[in-house]
Amino acid sequence: MRHFRRVYAYAFTLFLLPVLLIAQQATGTLKIRVLNVGQGDAIYIECPEPAHHNMLIDSGDVTAMRYPGSPKLFQEQLAELMGTRKRIDVVISSHPHSDHAGSLLWVLSTYDVGKFIDDGMQYESATHTKIDLRAKELAGQGKLKFLHATDLPNKSKEPDFCPAANVDAILLKPAGFGQEDNPNNNSVAIRINYNDQTFLFTGDGEDEEEALLLKDPATRPLLASTVLKAPHHGSNTSSTADFLAAVQPKIVVVSAGEKDIGTNKGYKHPRAETITRFLGFTKANGTADLRTIDAYDTDAKKWTEVQINAGVYVTAVDGTITIASDGTKTWKGEEGPELISENAPVRYVYTKADSEWYHLEECAVAKRIKPENRIVSKTPPEGREMHKGCPR
């Protein structure tokens with residue numbers, strides 16, 4: 001009788017196992033938000049399952065003196081997205097530069113972080129030193145797991161933040177990683193997979209790190225991605241033709257500051273030639289969602305206007321950018337593409353003060369107009385022109 005019970009229990013377990021595995025499959029919407037933090041990077045990602053496990057990659061700039069409002073923009077947006085939740089499962093510090101690691105000390109002091117992963121490189125700065133000491137302190141108290149990319153193997157699943165069986169996040173670590181003097185080229189690279197939809201984040205990796213990823217046969221096949229978060233703010237030192245040919249992105253998101261504002265007076269991101277390379281991958285989208293952005297022409301040594309279409313998104317014009325995926329398709333926006341009405345009413349926004357411009361409601365500039373200073377109308381105001389950066 002006991003033998004029969006054991007056999008029965010074993011058979012029942014075998015029957016139940018596929019059911020349990022199916023139950024672990026995510027069917028919801030993965031959401032990636034590239035936060036508008038000016039000249040910097042901050043990406044917040046939510047797992048497509050009911051508990052919404054999460055990941056944060058970088059945190060904008062360290063002070064408003066470098067880029068106006070960057071720390072405030074990041075902290076307010078993250079607080080809104082987190083709501084009442086206090087835990088961030090995984091935080092990635094791609095590299096220690098201030099426009100990426102700026103608010104990580106605040107993150108470590110405000111939220112319960114499950115795992116903190118940095119590049120593992122030595123770097124001399126007050127910001128980096130404070131972050132490193134805080135992470136070590138929390139790790140010593142058993143409150144977080146502190147890891148370095150230099151100590152992890154390629155395809156390490158330590159960055160994995162989502163318990164769903166069909167969603168994973170892995171580290172891309174090519175041979176030669178960690179040997180560059182430029183911290184940009186030691187950026188932590190993360191690839192997220194949701195069924196057959198893939199998302200690639202390479203921090204500020206420039207052509208040297210891209211070359212390593214391409215050269216290593218263990219990392220090159222992993223570059224192909226549905227969505228690419230543009231390396232190094234769309235600079236001319238990254239997103240080489242060979243790298244983009246390996247990635248074959250359908251969507252490219254650029255996080256960069258506005259023309260001649262703060263640190264972007266010197267950086268001059270994004271670059272026109274790099275945006276042009278991105279547009280080579282969105283030709284099929286034609287004239288959908290045309291917008292005009294400011295981009296710096298390196299050869300001409302001047303800012304120029306470049307028209308972009310659906311598939312290329314830039315925070316300086318589009319504001320915070322949400323990329324969503326159900327595991328079979330990926331789109332820009334909170335709602336599924338089939339739920340977005342083409343007949344939605346157009347609304348126009350302009351300031352009470354004298355100005356030559358008006359904006360579409362979804363325009364990034366319109367979203368920054370304070371409520372007390374804004375006017376919303378169903379018709380465009382007379383005597384003003386539409387802002388050049390608004391979607392058309």
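This text goes with the structure placed above it.
Here is a short report on the structure shown in this document.

Quick look at helix α6 (residues 207-215) now. For α6, the full list of buried residues reads Glu209, Glu210, Leu213 and Leu214. Taken down its axis, α6 places every buried residue within 140° of arc, on the same side. For α6, the secondary structure elements touched by its buried residues are β7 (167-172) and α7 (241-247).

Between two cysteines, a covalent bond joining their sulfur atoms is known as a disulfide. Under the definition given, this model contains 1 disulfide. Between the sulfur atoms of cysteine 47 and its disulfide mate cysteine 162 the distance is 1.7 Å. In this pair, cysteine 47 is assigned in the loop between β2 (43-46) and β3 (54-57) and cysteine 162 in the loop between β6 (145-148) and β7, connecting sequence segments 115 residues apart. Neither cysteine 47 nor cysteine 162 differs from the other in exposure class; each is buried.

The next point concerns the nonpolar core. Membership of the largest hydrophobic core comes to 35 residues, with the highest contact counts inside it found for Ile45, Met55, Phe161 and Ile192. Setting aside anything within four residues of it in sequence, one finds phenylalanine 161 in contact with Leu30, Ile45, Glu46, Cys47, His53, Asn54, Met55, Asp89, Val90, Ala169 and Ile192.

What follows covers the packing of aromatic side chains. All chains considered together, the criterion is met by 4 aromatic pairs. Ring centres of tryptophan 106 and tyrosine 111 lie 5.7 Å apart, and the angle between their planes is 85°; this geometry places the pair in the edge-to-face category. On the basis of relative accessible area, tyrosine 111 is assigned to the buried category, the value being 8%. A connected cluster of aromatic rings, assembled from ring pairs, spans Phe74, Trp106 and Tyr111. Seen from the ring of tyrosine 111, lysine 86 lies directly overhead, with NZ or CZ sitting 5.2 Å from the centre. Of note, lysine 268 hangs over the ring of tyrosine 296, and the distance from its end group to the ring centre comes to 5.5 Å.

About the thresholds
Residues numbered from 1 in each chain as written. Predicted model: local features only at pLDDT ≥ 70, side-chain atom pairs only at ≥ 80, totals over all residues. Heavy atoms only, no water. Buried < 20%, exposed > 50% of the residue type's maximum accessible area, 1.4 Å probe, protein only. Helix = DSSP H or I, 4+ residues; strand = E, 2+ residues; numbered from the N terminus. Arc of directions from axis to C-beta. Contact = heavy atoms within 4.5 Å. Disulfide = S-S within 2.5 Å. Core = buried A, V, L, I, M, F, W, Y, C linked by side-chain atoms within 4.5 Å. Phe/Tyr/Trp six-rings, centres within 6.5 Å; stacked < 30°, edge-to-face > 60°. Lys NZ or Arg CZ within 6 Å of the ring centre and 35° of its normal.

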